[in-house]
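Survey of secondary and tertiary structure
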2 protein chains.
Amino acid sequence: MSTQHLSDQNKRLSIALLTIILLAALTLIAGSSCKSPGEKPAAGENSAATSDTTAAARPSGDPLPSWNEGTVKKSIIDFVNSITTTGSPDFIQPPDRIATFDNDGTLWSEQPLYFQFFYALDQVKALSAKHPEWKKKQPFKAVIENNMGELMKQGEKGLLQVIAATHAGMTSDEFNTIITQWIDTAKHPIKKKLYKELIFQPMLELVRYLQANQFKTFIVSGGGIDFMRPWAETAYGIPKDQIVGSSGKSVYDYNNGNPVIRKLPEVDFIDDKAGKPVGIEKFIGRKPVIACGNSDGDLQMLQWTASNKLKNLELYVHHTDSVREWAYDRKSHIGTFDKGWDEAIAKKWLIADMKNDWKVIYPFDK
Amino acid sequence: MSTQHLSDQNKRLSIALLTIILLAALTLIAGSSCKSPGEKPAAGENSAATSDTTAAARPSGDPLPSWNEGTVKKSIIDFVNSITTTGSPDFIQPPDRIATFDNDGTLWSEQPLYFQFFYALDQVKALSAKHPEWKKKQPFKAVIENNMGELMKQGEKGLLQVIAATHAGMTSDEFNTIITQWIDTAKHPIKKKLYKELIFQPMLELVRYLQANQFKTFIVSGGGIDFMRPWAETAYGIPKDQIVGSSGKSVYDYNNGNPVIRKLPEVDFIDDKAGKPVGIEKFIGRKPVIACGNSDGDLQMLQWTASNKLKNLELYVHHTDSVREWAYDRKSHIGTFDKGWDEAIAKKWLIADMKNDWKVIYPFDK
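Per chain, the residues get numbers from 1 upward, laid out in the order the sequence is written. Chain letters and ligand numbers both follow the written order, the letters beginning at A and the numbers at 1. In keeping with the model being predicted, local features are shown solely for residues with a pLDDT of at least 70 and side-chain atom pairs are shown and tallied solely at 80 or more, while totals for entire chains, interfaces and linings include all residues. Heavy atoms throughout the structure, all of them, feed into the side-chain values; hydrogens and water do not.

1. A closer look at the overall build of chain A
Helix and strand definitions follow DSSP, with helices as H or I runs of at least four residues and strands as E runs of at least two, each counted in order from the N terminus. Regarding its fold elements, chain A presents 13 helices and seven strands. Any residue under 20% of the maximum accessible area for its type is buried, any over 50% is exposed, and the rest in between are partly exposed; the area is computed with a 1.4 Å probe on protein chains only. Here chain A holds 366 residues, and 58% of them are scored as buried.

Structural data, given as structure tokens:
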């Protein structure tokens, strides 16, 4: 499926669906923050905690084996060497080694629609058994019948109805369980793989390489913070408290001695475009020295990082592989890479060409 | 000075001043996140990164030398041993080892007024040279003349005028510089010490002890996040991104290629009372297993922590030392410890009696 040839109707639909994703994220109950004792530890914290990253102790071998040799790979490694070598004029103290990564399209795929949107649609269908009246009532009927044209006609009001009706009253534990079950079982309609398998092996290597060099790695995504946290920690090795995203407001409820956090149907923060530097300042409190993105939604994050007085590196992932992944850029309805591309070229930021720079795309390709 | 004997006028004044503190915090420009290369690294990150904290490798010696032997000290050490010993039924994986600390009254003193308030008043006076008209114009005249009675008469509108007039247009770099200069030079009116010297040595030891046992330590304070970050990282060894506090809204401004974050005069988040569990969920995404506070403003944070299914510990610092620090609790205008005290007793939470449990209060007492 080529997303560059979506019909006009699909394009309009997609824009509206982006709205629903965001609304879904913003009105969902906050995910439970309580990890079960049996759950895997965050690889990132552990690797960071045990690694000695002075230049002398730097591990031998290729830190980025899934990257083809070339300018991009060399530039990344040269950068890390220059800022971690004691005595180097570009040396950066470990606390200042902050790296931020967009998620959709940068750490995992995002086509033909943001995966969080597929979650939202699946959730409507999953709840429909408890709501037999939905089969005859719009906008739910349209979702259940996969009638996207009709769903579009319902407009934003309809989308809000879907969200409000499907998520009201959910507890944080329930939400966390639902996300975890979905991410552990739901498969991508085209790739026929679990969504969580569609993460980028070369970017995983980059995250781990930076962590091994005492970088603190953060996700800074327009996606819902509560949607990402239940699975992204394990998938990427990035701790929950280093995941920044869009969110809704919430309140504490003592609940007769069994406290819960309840989400309000109000937007709290949109972590996209100009919201990304604001999110970085709010959650991290320090300007990154590395920022990685793939779309115009990441441009301000890269600008903010490029304004760091310390040596810094900006990387755009360019989706150029129509066979192994998807190929899209300036005219795509999702992950539009247009203004960002121009600025990357003008400012000589790194652009990773997925087709040519990456030996493999997904971990299962290895 | 005994704060338990403040006159009624002073009590009313104090309540209003709490308002101005918050307003000050919320309308200030966001602090710069860019650390200079020469700045000290965050001790917490470094100690956490280099420590091996398995039970077998636990360092010998007293981890809490400034704590007198007793139930509280023993309970803390027993707790840490039980949750870090591999094979213990109470073992907690490192990623779940989250500890949250209130700041004012828990990590440093807070009498006779929150130190952030002293900063706000100092800032008005510092800026008055550029505003000669303030000498004749209320509410500025009252601040410059230390006429708190008159300032009170100006009401909330007057306080807002002060804040708006003194902070509008400030850049984040300027704000960061001002906070840093103030904390490096300003002295407490009674103790005659730098404010940053009035931190609690026994709590510093507790923070480091937990970090050495692979805890991730967070500040969760009602104070301004931008007020704390420029100095708290160095003072406590808690990284900037692990400091949660009250904040104002802000926007990204590309500023012709020199991007800045500009604060809006709107409240974003009040990280106090029921806001603390919300802040924990938003910034940390995981329920703590240790929470430390000193007032009713911390009660919900301790309740939230106590609801963790993992073994957990709640600690209240009780200000009982009128000679070395201050003695106040149920009837205090700042750091009221009333409902929290009752609940701590009912639920057998730990209460550190500063007079009896702490050998020294401040680092300079050692």
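2. Observations regarding the nonpolar core
By nonpolar core we mean a set of buried residues, namely Ala, Val, Leu, Ile, Met, Phe, Trp, Tyr and Cys, connected to one another through side-chain atoms within 4.5 Å. If you look at the biggest cluster of nonpolar residues, it comprises 70 residues, and the most contacted ones within it are M203(A), L206(A), Y236(A) and L315(A). In terms of residue count, helix α4 (residues 115-127) of chain A provides more of this core than any other element does, seven residues in total. Contacts: residue pairs with any heavy atoms within 4.5 Å of one another. Excluding its chain neighbours within four sequence positions, the residues that come into contact with L315(A) are W67(A), V72(A), M203(A), L206(A), A291(A), C292(A), G293(A), L302(A), L350(A) and A352(A). Of all hydrophobic cores here, the second largest spans 69 residues; its members include A186(B), M203(B), Y236(B) and L310(B).

3. Let's talk about the sheet that holds strand β5 (residues 290-293) of chain A
Residues and elements named next belong to chain A. Reading across from one edge, β4-β3-β2-β1-β5-β6-β7 is the order of the seven strands in this open sheet, with mixed pairing throughout. Lying at the two open borders of the sheet, with one neighbouring strand each, are β4 (260-269) and β7 (350-353). Averaged over neighbouring strand pairs, the angle between their axes works out to 35° when direction is ignored. Against the sheet, helix α9 (residues 225-236) makes contact with β2 (216-224), β3 (243-253) and β4, and its axis sits at roughly 125° relative to β3, the strand it touches most. Being paired, for any two strands, means DSSP has found at least two bridges between them. For every element, the axis is a line fit to its C-alpha atoms; helices are fit only across the contacting stretch, and the angle between N-to-C directions ranges from 0 to 180 degrees.

4. Looking at helix α11 (residues 299-306) of chain A
Among the eight residues that make up α11(A), seven are buried, leaving the element largely enclosed by the rest of the structure. Along α11(A), the positions that sit buried rather than exposed are L299(A), Q300(A), M301(A), L302(A), Q303(A), W304(A) and T305(A).

5. A short note on the packing of aromatic side chains
Only centres within 6.5 Å qualify two rings of Phe, Tyr or Trp (six-membered ring in Trp) as a pair; their planes then separate them into stacked at under 30 degrees, edge-to-face at over 60, and tilted for everything else. Per the stated rule, a full pass over the model turns up 41 aromatic pairs over all chains. Measuring from centroid to centroid gives 6.2 Å for F117(B) and F118(B), while their planes differ by 50°, and the two rings are tilted. On the basis of relative accessibility, which here comes to 1%, the residue F117(B) falls in the buried class. One aromatic cluster in this structure is built from W108(A), F115(A), F117(A), F118(A), Y119(A), W182(A), Y195(A), F227(A), W231(A) and Y236(A). Its end group placed over the ring of W326(B), K191(B) keeps NZ or CZ at 5.0 Å from the ring centre. Two thresholds decide whether a charge sits over a ring: the Lys NZ or Arg CZ must be within 6 Å of the ring centre and within 35 degrees of the ring normal.

6. Side note on the packing of α4(A) against helix α7 (residues 172-185) of chain A
Residues and elements named next belong to chain A. The contact between α4 and α7 brings their axes to 11 Å, and the two run at 110°. Considering their axes alone, α4 and α7 lie roughly perpendicular with respect to each other. Between α4 and α7 lies a crossing of right-handed hand. Along the contact surface, α4 presents F115, F118, Y119, D122 and Q123, while α7 presents F175, I178, I179 and W182. Any angle from 65 to 115 degrees is called roughly perpendicular, while one under 35 is roughly parallel, one over 145 is roughly antiparallel, and all others are oblique. Each crossing is labelled by how the near helix is turned from the far one, with a counterclockwise turn of less than a right angle marking it left-handed and a clockwise turn marking it right-handed.

7. Points about the packing of helix α10 (residues 275-283) of chain A against α11(A)
Residues and elements named next belong to chain A. Two numbers describe how α10 lies on α11: the axes approach to 7 Å, and their chain directions differ by 55°. Considering the angle they form, α10 stands oblique to α11. Contact residues: K276, P277, I280 and E281 in α10; Q300, M301 and W304 in α11. Polar here means any residue outside two lists: the nonpolar Ala, Val, Leu, Ile, Met, Phe, Trp, Tyr, Cys and Pro, and the charged Asp, Glu, Lys and Arg; Gly therefore counts as polar. Residue classes in the contact of α10 with α11 are distributed as four nonpolar, one polar and two charged.

8. Details of the pattern of salt bridges
Criterion for a salt bridge: a side-chain nitrogen of Lys or Arg within 4 Å of a carboxyl oxygen of Asp or Glu. Going through the model one piece at a time under the given rule, you end up with 36 salt bridges over all chains. Note that E69(B) and K73(B) form a salt bridge whose closest N and O atoms lie 2.9 Å from each other. E69(B) sits in the exposed class, given a relative accessible area of 63%. Measuring nitrogen to oxygen at the nearest pair gives 3.3 Å for the salt bridge that ties D90(B) to K311(B). One end of the pair, D90(B), is in the loop between α3 (71-84) and β1 (98-101); the other, K311(B), is in the loop between α12 (299-306) and β6 (313-318), and 221 residues separate them in sequence. With a relative accessible area of 29%, D90(B) lands in the partly exposed category. The network of salt bridges with shared partners includes D62(A), E69(A) and K73(A).

The values reported here are purely geometric and, on their own, carry no functional implication.
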